[in-house]
Amino acid sequence: MVWLIAARALQGVGGGGLNSLVMAIVGDVVAPRDRARHQATLGIVPAIAIVIGPVLGGLIVDHWNWTWIFLINVPLGGLALWMISSRLHLSAPSSPHRLDIAGALLAVVFTTCALLITSLAGQAFAWTSWPIIGLAVTTFVALPAYLLVEHRAVEPITPLSLFSNSIFVISALLFFLATAALFVGLLFVPLMLQTIFGHSAFVAGASIVPLLLGLIAASMVSGTLISKGARYKAFPIFGALLCGAGLGVLGFTTLDTSLWTVVAALIGLGSGLGLFIQVAVLAGQNAVAHRNLGVATGTLNFFKTMGGASGAAVLGAILAAGLAGASAPVQALAAFRHVFLDTAALMGVALLLAVLLREKPLSAEVVAIAEGRVDVPEY
């Protein structure tokens, strides 16, 4: 397990860089009038991959060797590395930048320590044990240090001035909660289907395809309607209600519940997430000046990352605590139901934030983003 965690950390370093750099590179190498076509193509690729990946992973585990869900990426990564090194030629930056290394390191320290507390306290270590106390002290020291560094940095990774805008703050919190709920659907529903209902890895992996298709479809529909002048405040309200309904159905699952009921709940969850993830991004981008669009997008994606990590850690710890004392399937299922209902409560918070979200007319730049004609490289 230690080896898997270390490898996952290394993978995260590479994946985090790829996630931000792809759109930035398009902005560098493609003329403005041609960017929409290239960015539309790039948008299709992850949509296809995120649907095929879980299904392919399930097939590999069921009919081959589970290690190949990792090893399959080695030749693909080698091919990508060769293509990039031989075909991609970027010019040197025309203007110097000051990297916020101290801010980045402090962000890693306080977020990692906080997540370790939520994952380990009460499970691997007692709340009053020295490891947990040490992590808590480190978190409470690193967070104000991080805020101080960001206040003084020339080019901070999280400009604190953004948080003086209530629309941006609510958008960031909505993005955080949406990603936490998404990870619950991606991680814990397949686990429930395998461990409680005895389904194969293929069925468990395929079960999240309806969630992802609902998310993609709802994002496209809401983006189109918003670009045509629809008022965007209604979308996160309906989205939070849909998410809550889907999670509520999962929260009352019994051993007799059919797979199709779970699929219907996941469609509702995914559709709801698609409605208010899209608006969280657009409203947050629209709340800032055009010159700060890239920085705002990067900050929103930071909240997205933290929402996924926090949701997986905190709700995973709740699930682990429930499963620890489960001696029968019905007791284990109760632990999963607890997690789904807790996440539904988070959607109640999201609903309140959506109601409080102040609607601001979309700028021409954000309308173009909603239509999919342009994308915003982070920072």
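Coordinates for the structure precede this section.
Residues numbered from 1 in each chain as written. Predicted model: local features only at pLDDT ≥ 70, side-chain atom pairs only at ≥ 80, totals over all residues. Heavy atoms only, no water.

*Asks:* Can you help me understand the environment of Asn 165 in this one?
*Replies:* Secondary-structure assignment places Asn 165 in the loop between helix 6 (130-152) and helix 7 (166-195). The exposure class of Asn 165 is partly exposed, given its relative accessible area of 22%. Separated by 123 residues in sequence, Asn 165 and Val 288 have C-alpha atoms that sit 8.1 Å apart. (Helix = DSSP H or I, 4+ residues; strand = E, 2+ residues; numbered from the N terminus. Buried < 20%, exposed > 50% of the residue type's maximum accessible area, 1.4 Å probe, protein only.)

*Asks:* Can you walk me through the nonpolar core in this structure?
*Replies:* Counting 62 residues, the largest nonpolar core has Leu 250, Leu 273, Phe 276, Phe 340 and Met 347 as its most contacted members. Within the residue set of this core, elements represented by two or more residues are helix 7, helix 9 (209-227), helix 10 (234-251), helix 11 (259-286), helix 12 (293-324) and helix 13 (329-356). Beyond its immediate sequence surroundings of up to four residues, Phe 340 is in contact with Val 184, Phe 188, Val 189, Met 192, Leu 247, Leu 250 and Gly 251. Grouped together as the second largest cluster of nonpolar side chains are five residues, Cys 113, Ile 117, Ala 121 and Leu 135 included. (Core = buried A, V, L, I, M, F, W, Y, C linked by side-chain atoms within 4.5 Å. Contact = heavy atoms within 4.5 Å.)

*Asks:* Looking at this structure, I do not really get the packing of aromatic side chains. What am I missing?
*Replies:* To describe a pair of aromatic rings, you give the distance between the ring centres and the angle between the ring planes. In the structure shown here, the tally under the stated rule is six aromatic pairs. Between Trp 64 and Trp 68, the ring centres sit 5.0 Å apart and the planes meet at 5°, which makes this aromatic pair stacked. Here Phe 163 and Phe 168 contribute two aromatic rings whose centre-to-centre distance is 5.7 Å and whose plane-to-plane angle is 80°, an arrangement assigned as edge-to-face. Note on Phe 163: relative accessible area 30%, which makes it partly exposed. When its relative accessible area of 0% is taken as the criterion, Phe 168 is described as buried. Members of the aromatic cluster, joined through ring pairs, are Phe 163, Phe 168, Phe 302 and Phe 303. (Phe/Tyr/Trp six-rings, centres within 6.5 Å; stacked < 30°, edge-to-face > 60°.)

*Asks:* Is there a simple way to think about the side chain of Ser 271 in this case?
*Replies:* Mapping Ser 271 onto the fold places it in helix 11. A distance of 2.8 Å separates a polar side-chain atom of Ser 271 from the backbone oxygen of Ile 267. Look past the residues within four positions of Ser 271 in its chain and what remains in contact with it is Gly 214, Leu 215, Ala 218 and Leu 242. (Polar contact = N/O pair within 3.5 Å; in protein donor to acceptor, adjacent residues only side chain to side chain.)

*Asks:* Teacher, can you tell me more about the packing of helix 11 against helix 12 here?
*Replies:* The relative placement of two packed helices comes down to the angle between their axes together with the axis-to-axis distance. Relative to each other, helix 11 and helix 12 sit at 145°, their axes nearing to 9 Å. Between helix 11 and helix 12 the crossing geometry is right-handed. Along the contact surface, helix 11 presents Ala 280, Val 281, Gly 284 and Gln 285, while helix 12 presents Leu 293, Ala 296, Thr 297 and Leu 300. (Axes fitted to C-alpha atoms, helices over the stretch in contact; angles between N-to-C directions. Left-handed = near helix turned anticlockwise from the far one by under 90°.)

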